[in-house]
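# Fold and contact review
The residues making up each chain are set out below.
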Amino acid sequence: MHIKSASFVMSNTDVGKCPKDRLPEYAFIGRSNVGKSSLINMLTERKSLAKTSGRPGKTQLINHFLINKNWFLVDLPGYGYARVSKTAKKTFQKFITNYFSKREQLVSAFVLIDVRHEPQKIDQEFMEWLGEHQIPFSIIFTKGDKLKPAALERNVKDYLKKMEEGVWEQAPNHFVTSSSSGLGREDVLEYIDAINKEIGGQAP
Ligand code: GDP
C-alpha cells in the first residue's frame, strides 16, 4: 500500500466522541516504550505523526489518524507504565475496554510486543481479554533490528510456542518489524489493504 496521505484527526478519551465516519479502523496498542510511535511513523513514512514521547504513559488518549482518506489508524495509549498510579490504571482500563467493546468501526487490533522480551503477564492478559471478547488482533513484534537474524527467528518462535502451550489453541497472526530498518512495513500495510478491499472499504 502506498501512503498518499496521513493526517491527525482528533484525540479524546471518550469512545462516544471518536469520528463518526464508517471507515475501517485499526488500533495499535502495547506497553509503554514498546516502539508504537516509531512504528506508526515508520508505517506512514511520516517523521512525527505519532509523537515519540520522552515520558511514556503521559499521553492517555485515543488518537485517530486518517490514512489515504479511507481508513483510520488509531494510536491507543501505552499500558503498564510503572509510574502510573493504581487509580490511573483503572481509569485507563475502563476507557480502553470501552473503546474495544463499543467501537463498531474497529476491524482489527495490533498488539505490539518487543521481540527481545519473554511473554509478559500484562500482554498475555490483554490478549486473552481480546480473545474472550472476540476482538480480532495480530501481534506486531517490534525492534527486530536489535537482534541478529537467528536470535530474532528463535525469539518469535519461542514466544508463539509459549502462547500455544498456554491458553491459545493456535498462536495469533503475527508480523516482525523494525522501525529502524523498515522491516515488516509492507507486510503490515498489505494485510490492512487486503482486509479493506475484502470489506469494500466499509467499516463493520
Ligand atoms: P512508544 O512509547 O511505544 O511510543 O515507543 P517509542 O516509539 O517512543 O520508542 C521507544 C524507544 O525505542 C525510543 O528510544 C525509540 O527510538 C526506540 N525504538 C522504537 N522502535 C525501534 C526499532 O524498531 N529499533 C530500534 N533500534 N529502536 C527502536
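The structure reproduced in this document is the subject of the present report. For every chain, the first residue of its written sequence is number 1, and the numbers climb from 1 along that sequence. A pLDDT threshold of at least 70 governs which residues receive local features in this predicted model, and a stricter bar of 80 or more applies before side-chain atom pairs are shown or counted, although totals over entire chains, interfaces and linings include all residues. Neither water nor hydrogens contribute to the side-chain values; these are computed over all heavy atoms in the structure.

## Notes on the site of the ligand
We apply this condition: In this text, near means that some heavy atom of the residue lies within 4 Å of the molecule or strand in question. What qualifies as a polar contact is a pair of N or O atoms within 3.5 Å, subject to a donor-acceptor requirement within protein and to the restriction that residues adjacent in sequence count only when both atoms come from side chains.
The local shell around the ligand holds 13 residues, among which Lys36, Ser37, Ser38, Asp145 and Ser179 are the closest. Take Gly35: an N or O atom from its main chain is 2.9 Å from an oxygen atom of the ligand. One nitrogen or oxygen atom from the main chain of Ser179 is found 2.7 Å from an oxygen atom belonging to the ligand.

## As for the packing of aromatic side chains
How two aromatic rings sit relative to each other is given by the distance of their centres and the angle of their planes. Here is the rule: Within 6.5 Å between ring centres, the rings of Phe, Tyr and Trp (the latter by its six-membered ring) count as paired, and their orientation is classed by plane angle as stacked under 30 degrees, edge-to-face over 60, tilted in between. The helix and strand labels rest on DSSP assignments: H or I over at least four residues marks a helix, E over at least two residues marks a strand, and numbering proceeds from the N terminus. Exposure classes here rest on a 1.4 Å probe applied to the protein chains alone. A residue is buried below 20% of its type maximum, exposed above 50%, and partly exposed in between.
If you walk through the whole model with that rule in mind, you get 12 aromatic pairs. Taking 6.4 Å as the distance between ring centres and 70° as the angle between the ring planes, the aromatic pair formed by Phe100 and Trp129 counts as edge-to-face. In this pair, Phe100 sits in helix α2 (residues 86-102) while Trp129 sits in helix α3 (residues 121-132), placing the two residues 29 residues apart along the sequence. The exposure class of Phe100 is buried, given its relative accessible area of 4%. What makes Trp129 buried here is its relative accessible area of 19%. Centre to centre, the rings of Phe110 and Tyr191 are 6.1 Å apart; their planes meet at 70°, and the pair counts as edge-to-face. A residue pair is termed long-range when its members are at least 10 positions apart, and Phe110 in strand β5 (residues 106-114) and Tyr191 in helix α5 (residues 185-198) qualify at 81 residues.

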